[in-house]
Amino acid sequence: LERQLLMQNQMRERQTAMQIAWTREFLKYFGTFFGLAAIGLTTGAIKKKNLGVLLPIVPLSFIFAYQYDMGYGTLLQRIKGEAENILDTQSTLLELPKGPLTYEDLEKIRRSQSKFFIEK
């Protein structure tokens, strides 16, 4: 059981590391896109003398900030803290509908799905 727990923890850590690495890689491409879009939109706004052209920068900046926070900031620590808070103070939110799954429940489901099961 201890080995299984260690393996599960290692898999979780590797998946989290992959998620952070993916976010950092995505940030490079999105950051380039955001920078070029900001320059282009600013240039367009100056040439047309219309500040409305700059409006797309607002949602793009929120996406950029979120991705930066995920890849290099403290977003994961804040998520972890909130998850710990939920576990400590709001554990009723985590309860499964109809309670935990039991062996008897699994057997009922298996029997109902089995075409070859003959009830005695």
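Conventions we followed
- Residues numbered from 1 in each chain as written.
- Predicted model: local features only at pLDDT ≥ 70, side-chain atom pairs only at ≥ 80, totals over all residues.
- Heavy atoms only, no water.
- UniProt positions renumbered as here; feature names shortened; annotations may be inferred.
- Helix = DSSP H or I, 4+ residues; strand = E, 2+ residues; numbered from the N terminus.
- Polar contact = N/O pair within 3.5 Å; in protein donor to acceptor, adjacent residues only side chain to side chain.
- Contact = heavy atoms within 4.5 Å.
- Axes fitted to C-alpha atoms, helices over the stretch in contact; angles between N-to-C directions.
- Parallel < 35°, antiparallel > 145°, perpendicular 65-115°, else oblique.
- Nonpolar A, V, L, I, M, F, W, Y, C, P; charged D, E, K, R; others polar.

Identification of the chain as PLRKT protein from Oceanodroma tethys is taken from an unreviewed UniProt entry.

Taken from the UniProt record, the annotation "transmembrane region" (unreviewed entry) applies to residues 26-45 and 51-68. The straight-line gap between the two end C-alpha atoms of residues 26-45 is 28 Å; of that span, 100% is helix and 0% is strand. Overall, residues 51-68 shows 67% helix and 0% strand. The separation of its end C-alpha atoms is 26 Å.

Relative to the helices and strands, Asp-69 resides in helix α2 (residues 57-72). Among the polar contacts made by the side chain of Asp-69, one reaches the side chain of Arg-78 at a distance of 2.4 Å. Sequence-distant contacts of Asp-69, defined by excluding residues within four places in its chain, comprise Thr-74, Leu-75 and Arg-78.

Between α2 and helix α3 (residues 75-89), the least distance of the axes is 6 Å, while the angle of their chain directions is 80°. Classified by the angle their axes make, α2 and α3 are roughly perpendicular. Between α2 and α3, the contacting residues are Tyr-66, Asp-69 and Met-70 on the first element and Leu-75, Leu-76 and Arg-78 on the second. Residue composition of the contact of α2 with α3, grouped by class: 4 nonpolar, no polar and 2 charged.

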